[in-house]
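# Architecture at a glance
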Amino acid sequence: MASPRTLVLFDLDGTLVDGQHSIYATFAAIFPRFGYTPPTRADVRTVIGRSLPQAIGDLLGEDAPVMPMTE
């Protein structure tokens, strides 16, 4: 007997759910923990939809740590 399949859908680009508040809140909480000034809401809106390494790099600018990319 085959096992039932489960589908899990994550919508992080605003198509089904507007997650901007949660994304901003996460960046605002995490940046200070690593010694960085938290980004503004306007800055966070500009990186929504990008990969996490790219978004963090764009928000930190030239101060961005080197993040290894995996395949």
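Heads up: the structure comes first, above all this text.
Described below are features of the structure shown in this document. All figures in this text were calculated on a predicted structure; none of them were measured in a lab.

### A look at helix α1 (residues 20-33)
For α1, spanning 14 residues, the distance from its first C-alpha to its last is 21 Å, which sits close to the expected 20 Å at 1.5 Å a residue. Burial in α1 covers these residues: Y24, F27 and F31. The buried side chains of α1 occupy one side of the element, clustering within an arc of 65° when seen end-on. In this structure, α1 carries H21 and R33 as exposed residues pointing more than 90 degrees from its buried face. Backbone geometry just downstream of α1 places G35 in the positive-phi region, at approximately 85°.

### Focus on helix α3 (residues 52-60)
Those residues of α3 not exposed but buried are A55, I56, L59 and L60. With its buried residues spanning 125° around the axis, α3 presents them on a single face. Those residues of α3 that are buried are in contact with α1 and α2 (41-47). Following α3 by one or two positions, G61 has its phi on the positive side, about 70°.

### What to know about the packing of aromatic side chains
For the structure on display, the rule yields 2 aromatic pairs. Note on F27 and F31: the rings are 5.7 Å apart at their centroids and 90° apart in plane angle, and the pair reads as edge-to-face. Placement of both F27 and F31 in helix α1 is noted, with a separation of 4 residues, approximately one turn of the helix. Taking the relative accessible area as the measure of exposure, F27 reaches 9% and is therefore buried. Accessibility expressed as a relative area gives 6% for F31, which makes it buried. Where F31 meets Y36, the ring centres are 6.4 Å apart and the plane angle is 65°; that geometry is what we call edge-to-face. Looking at Y36, the relative accessible area reads 28%, which means it is partly exposed.

Here is what the cut-offs are and how they apply
Residues numbered from 1 in each chain as written. Predicted model: local features only at pLDDT ≥ 70, side-chain atom pairs only at ≥ 80, totals over all residues. Heavy atoms only, no water. Helix = DSSP H or I, 4+ residues; strand = E, 2+ residues; numbered from the N terminus. Expected span 1.5 Å × (residues − 1). Buried < 20%, exposed > 50% of the residue type's maximum accessible area, 1.4 Å probe, protein only. Arc of directions from axis to C-beta. Contact = heavy atoms within 4.5 Å. Phe/Tyr/Trp six-rings, centres within 6.5 Å; stacked < 30°, edge-to-face > 60°.

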